[in-house]
Amino acid sequence: MPEQRAVQITVASPKGGVGKTMTTILLAGEFAAAGHRVTVLDTDPQLSALEWSKNSRRAGYALSNIDVIPINSTDELIDRLAQSDAEDLLLVDVQGTAVAALGPAVANADFVLIPTKAHVFDVKQCLGLIRHIRSLGGRHREIPYSVMLNMVSGIEHNTMAFRTAIQLLRQADASVLETFLSQRPTFASIATAGTLYEVQPVNKAVQDARDQTNALTAEIIRKLNGATPQ
Ligand SMILES: Nc1ncnc2c1ncn2[C@@H]1O[C@H](COP(=O)(O)OP(=O)(O)OP(=O)(O)O)[C@@H](O)[C@H]1O
Ligand SMILES: [Mg+2]
């Protein structure tokens, strides 16, 4: 990972309700548990990530090493991105391709994660965002990004809709993470309050959710390391 400034991961998608905030929350929990000081920059006017942190603290979760900061303007985002220290990990939650925050959120990112449902319409919109990311990188930098399938259910793999969506991504030569996130009540519950490392009891559902989130984080770290000149 880069040493001079905070590592910045942007979680972005053109579509609403595909799991950006939930993925941001899961990653915050993972990196914080690994000892990073995590700052979530919540650029969404709905302030769902901020609401999660408030709900969590009200419910008695410490959210150690996690700060969620509401961002009200593009200037504020640019200032915040510039303020971070090398030991920080920044997670930026941003929705839509038309929002002004997308520019700095993507242009400065070490990695852009694009969660999507595995459906053709959703995937087509992702391809639009990927084009946008490529244009924001310009001639001088290729901004690392990957699409992540979210809300995948067990039987979905066998459906035509799933296979068509994957085929579209392949045809466009889009980077897609091997790890996907399943549809899990545990994830939905964490998106309301808590982290997978503070929630009790640690039953099989929590362990399975942790395993999948670990795999996601490990794959993202591999991408970050691969993208950094040594
Ligand atoms: N893998 C999953 N398993 C179970 N529930 C999920 C999963 N992913 C997302 N959800 C649930 O789906 C809903 C939408 O997710 P989330 O709010 O993270 O999406 P979003 O992309 O941030 O939406 P918005 O565009 O409105 O900000 C939430 O209730 C969340 O808990
Ligand atoms: Mg959201």
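Residues numbered from 1 in each chain as written. Chains lettered and ligands numbered in written order. Predicted model: local features only at pLDDT ≥ 70, side-chain atom pairs only at ≥ 80, totals over all residues. Heavy atoms only, no water.

**Considering the overall build of the protein**
Point 1. Within the protein one finds eight helices and six strands.
Point 2. Element order for the protein, N to C, with α for helix and β for strand: β-α-β-α-β-α-β-α-β-α-β-α-α-α.
Point 3. For the protein, the C-alpha radius of gyration of 17 Å lies close to 17 Å, the compact-globule estimate for 230 residues.
Point 4. In terms of principal-axis extent, the alpha carbons of the protein reach across some 45 × 40 × 35 Å.
Point 5. A buried classification covers 49% of the 230 residues belonging to the protein. (Helix = DSSP H or I, 4+ residues; strand = E, 2+ residues; numbered from the N terminus. Rg over C-alpha atoms; globule rule 2.2 N^0.38 Å. Buried < 20%, exposed > 50% of the residue type's maximum accessible area, 1.4 Å probe, protein only.)

**A closer look at the UniProt feature "domain: CobQ/CobB/MinD/ParA nucleotide binding" (unreviewed entry) in the protein**
Point 1. Residues given the UniProt feature "domain: CobQ/CobB/MinD/ParA nucleotide binding" (unreviewed entry) here are residues 9-189.
Point 2. Taken end to end, residues 9-189 has its terminal C-alpha atoms 23 Å apart, with 42% of it in helix and 19% in strand. (UniProt positions renumbered as here; feature names shortened; annotations may be inferred.)

**Considering the packing of helix H5 (residues 120-137) against helix H6 (residues 160-171)**
Point 1. Interhelical geometry of H5 versus H6 gives an angle of 15 degrees and a closest axis separation of 9 Å. The angle between the axes of H5 and H6 places the two elements in the roughly parallel class. In this structure, H5 meets H6 at a crossing whose hand is right-handed. The residues of H6 that touch H5, namely those facing Val-120, Val-123, Lys-124 and Leu-127, are Thr-164, Ala-165, Leu-168 and Leu-169.
Point 2. When grouped by side-chain class, the residues that make up the contact of H5 with H6 number six nonpolar, one polar and one charged. (Axes fitted to C-alpha atoms, helices over the stretch in contact; angles between N-to-C directions. Parallel < 35°, antiparallel > 145°, perpendicular 65-115°, else oblique. Left-handed = near helix turned anticlockwise from the far one by under 90°. Contact = heavy atoms within 4.5 Å. Nonpolar A, V, L, I, M, F, W, Y, C, P; charged D, E, K, R; others polar.)

**A closer look at the site of ligand 1**
Point 1. Taken together, the neighbourhood of ligand 1 is formed by 18 residues, with Lys-20, Thr-21, Met-22, Asn-150 and Ser-182 sitting nearest.
Point 2. Taking Gly-17, its main chain carries an N or O atom lying 2.9 Å from an oxygen atom of ligand 1.
Point 3. Out of a free accessible area of 630 Å², ligand 1 has 79% covered by protein chains.
Point 4. The greatest single-element share of the shell around ligand 1, amounting to three residues, is contributed by helix H1 (residues 20-33).
Point 5. Tallied by class, residues from the shell around ligand 1 come to six nonpolar, nine polar and three charged. (Near = heavy atom within 4 Å. Polar contact = N/O pair within 3.5 Å; in protein donor to acceptor, adjacent residues only side chain to side chain. Areas by Shrake-Rupley, 256 points an atom, 1.4 Å probe, with all protein chains shown as cover.)

**Some points on the side chain of Ser-53**
Point 1. Here Ser-53 shows up in helix H2 (residues 48-58).
Point 2. Setting aside chain neighbours within four positions, we find Ser-53 in contact with Leu-63 and Val-68.

**Topic: the side chain of Asp-44**
Point 1. Assignment of secondary structure puts Asp-44 in the loop between strand S2 (37-42) and H2.
Point 2. Buried charge without a salt bridge: Asp-44, with Lys-20 as the nearest opposite-charge side chain at an N-O distance of 6.0 Å.
Point 3. Of the polar contacts made by the side chain of Asp-44, one reaches the backbone nitrogen of Gln-46; its length is 2.9 Å.
Point 4. In this view, Asp-44 contacts Asp-93 and Gln-95; residues no more than four positions away in its chain are not counted. (Lys, Arg positive; Asp, Glu negative; His and termini not counted. Salt bridge = Lys/Arg side-chain N within 4 Å of Asp/Glu carboxyl O.)

**Quick word on the environment of Arg-141**
Point 1. With respect to the secondary-structure elements, Arg-141 resides in the loop between H5 and strand S6 (145-149).
Point 2. For Arg-141 and Ile-71, which are 70 residues apart along the polypeptide, the C-alpha to C-alpha distance reads 26 Å.
Point 3. In contact with Arg-141, other than residues within four places in its own chain, are Val-106, Ala-107, Asn-108 and Ala-109.
Point 4. From its side chain, Arg-141 meets the backbone oxygen of Ala-109 in a polar contact 2.7 Å long.

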